[in-house]
Each structure stands twice: as C-alpha cells, then as structure tokens.
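# Residue-level structural notes
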Amino acid sequence: FGYFQFMPSTMKNYAIDYDENGYIDLKNNNDAYASASNYLNKIGWNSDQPCFYRINLSNKIPKKYLNISAKKLHDKKKLKYFKKFISNHDNFDFINENLLVAIITPDKDIVPNSETLNPAYIVFENYEIILKWNRSLRFGLAVCTLKESIRNEL
C-alpha cells in the first residue's frame, strides 16, 4: 500500500504518523518517506556504509562468485579478496576493505545475449537490506541510486 508498496505487516510494524495528524497516510509524502526510512533503519540500514559500486571485472574471476539472482547472495568475501578481480578497484580505495561484499551481474538472467561480466557491481550489507524489501537485483540498484540522490535528507 502507498508509494512504497508496504505489505500489511510492514505497515503495522514500521509505518509512522510523521506529520502527527493522528493518521498514517502512506500516500502522503511526509508519512510515506518517514515510514520507509523507519523501516530501513529498523531492519539494519547503516548510514555510514555504502550500498554498491559499479566495477569492471577481470575475465579471470571464477563464475561461482557472480550472483545473477536476488534470492540469496552467495560467495561473499571481504572486499580485499575481490580486488584482484576488479580492474577499477582504485576508485573505491577509501572503503574499508574488510567489509563483506558480493558481486552481482544482474543482466545475465534477464537481458538476452547480455555479457556475463558487464555490468557488474560490488554490493554491501545495505544492498542486502534493500533486498529484504524487494528481492530484485535491479530494485536494489534503483533504491541505492536514489539514496545517493537524497543522501541525509530524511
């Protein structure tokens, strides 16, 4: 229901009356955005960590490390382990390389004749928090991209 398509149980547990008018209205910007923020916060969102970064993968990466499904990300490793397979890893040297990450290649299953290694992303725990909301690799990328646009606004 509402802008963020809350399920009834999510509404019951996380929706808030941000504008304090005595009614939770998830079609009202104030209540909807505050409720979405509350939900993400309560399920473990960490505002001090990234969500994802686009990467350029070496063709030497074992295929077992590539996630094409959002059902369960597999073969997570510390970022420092994967750096040997990422040609543009210097672009995010500022990130703690001990953070657990997974690699996703979301187009492989849904775009005919797509490349196996492109596009590719390293994803962090915040990305997995988004997947608890909606188990779609592309949804996770879209929400994390939106997050960068409205950083610290809520």
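Up top is the structure these notes are about.
An account of the accompanying structure is given in this report. These numbers were taken from a predicted model, which means no experiment stands behind them. (Residues numbered from 1 in each chain as written. Predicted model: local features only at pLDDT ≥ 70, side-chain atom pairs only at ≥ 80, totals over all residues. Heavy atoms only, no water.)

## Quick notes on the overall build of the protein
Here is the rule: By the criteria applied, helices consist of DSSP H or I runs no shorter than four residues and strands consist of E runs no shorter than two, each listed in order from the N terminus. Only protein chains enter the accessibility calculation, which uses a 1.4 Å probe; a residue whose area is less than 20% of its type maximum is buried, one above 50% is exposed, and one in between is partly exposed. Residues are treated as being in contact if the distance between any of their heavy atoms lies within 4.5 Å. To measure how exposed things are, a 1.4 Å probe is used in the Shrake-Rupley method; for residues, cover is taken only from the protein chains shown. Only four residue types enter the charge count, namely Lys and Arg as positive and Asp and Glu as negative; His and the chain termini do not. A charge is said to be at NZ when it belongs to Lys, at CZ for Arg, at CG for Asp and at CD for Glu.
A tally of helices and strands in the protein yields 5 helices and 5 strands. Listing every helix and strand of the protein by position from the N terminus yields α-α-β-β-β-α-β-β-α-α. For the protein, with 154 residues in total, the buried portion stands at 40%. Residue pairs in contact within the protein that sit at least 24 positions apart in sequence constitute 59% of those at least 6 positions apart. For the protein, the accessible area works out to roughly 9,300 Å², and carbon and sulfur atoms hold 48% of it. The distance from the centre of the 21 positive side-chain charges to the centre of the 17 negative ones in the protein is 11 Å.

## Overview of the pattern of salt bridges
Under the convention used in this document: Put simply, a salt bridge is a Lys or Arg side-chain nitrogen that is within 4 Å of an Asp or Glu carboxyl oxygen.
All told, the structure shown has 3 salt bridges when counted by the stated rule. The shortest N-O distance in the salt bridge between Lys 83 and Asp 93 comes to 3.1 Å. Of the two residues, Lys 83 sits in the loop between α3 (79-82) and β4 (100-104) while Asp 93 sits in the loop between α3 and β4, which places them 10 residues apart along the sequence. The exposure class of Asp 93 is partly exposed, given its relative accessible area of 42%. Within the structure, one salt-bridge network assembled from shared partners comprises Lys 83, Asp 93 and Glu 97.

## Considerations on the environment of Arg 135
By the element assignment, Arg 135 lies in the loop between α4 (125-133) and α5 (137-149). For the pair Arg 135 and Lys 72, spaced 63 residues apart in sequence, the C-alpha separation works out to 8.9 Å. Among all residues touching Arg 135, those that are not within four sequence positions of it are Ala 70, Lys 71 and Lys 72.

## Examining the packing of aromatic side chains
Quick reminder of the rule: Pairing of aromatic side chains requires ring centres within 6.5 Å, counting the rings of Phe and Tyr and the six-membered ring of Trp. Pairs whose planes differ by under 30 degrees are stacked, by over 60 edge-to-face, and all others tilted.
Applying the stated criterion across every chain yields a total of 16 aromatic pairs. Each ring, one from Tyr 39 and one from Trp 133, has its centre 5.1 Å from the other, and the planes form 90°; the classification is edge-to-face. Separated by 94 residues along the polypeptide, Tyr 39 in helix α2 (residues 29-42) and Trp 133 in helix α4 bring together distant segments of the chain. One exposure class covers both Tyr 39 and Trp 133, and it is buried. Relative to Phe 82, the ring of Tyr 65 lies with its centre 5.3 Å away and its plane at 80°, an arrangement referred to as edge-to-face. With Tyr 65 in the loop between β1 (52-55) and β2 (66-67) and Phe 82 in helix α3, this pair connects stretches of sequence that are 17 residues apart. On the basis of relative accessibility, which here comes to 0%, the residue Phe 82 falls in the buried class. Among the aromatic residues, those joined into a ring-pair cluster are Phe 4, Phe 6, Tyr 14, Tyr 33, Tyr 39, Trp 133 and Phe 139.

That's the geometry; what it means functionally is another story.
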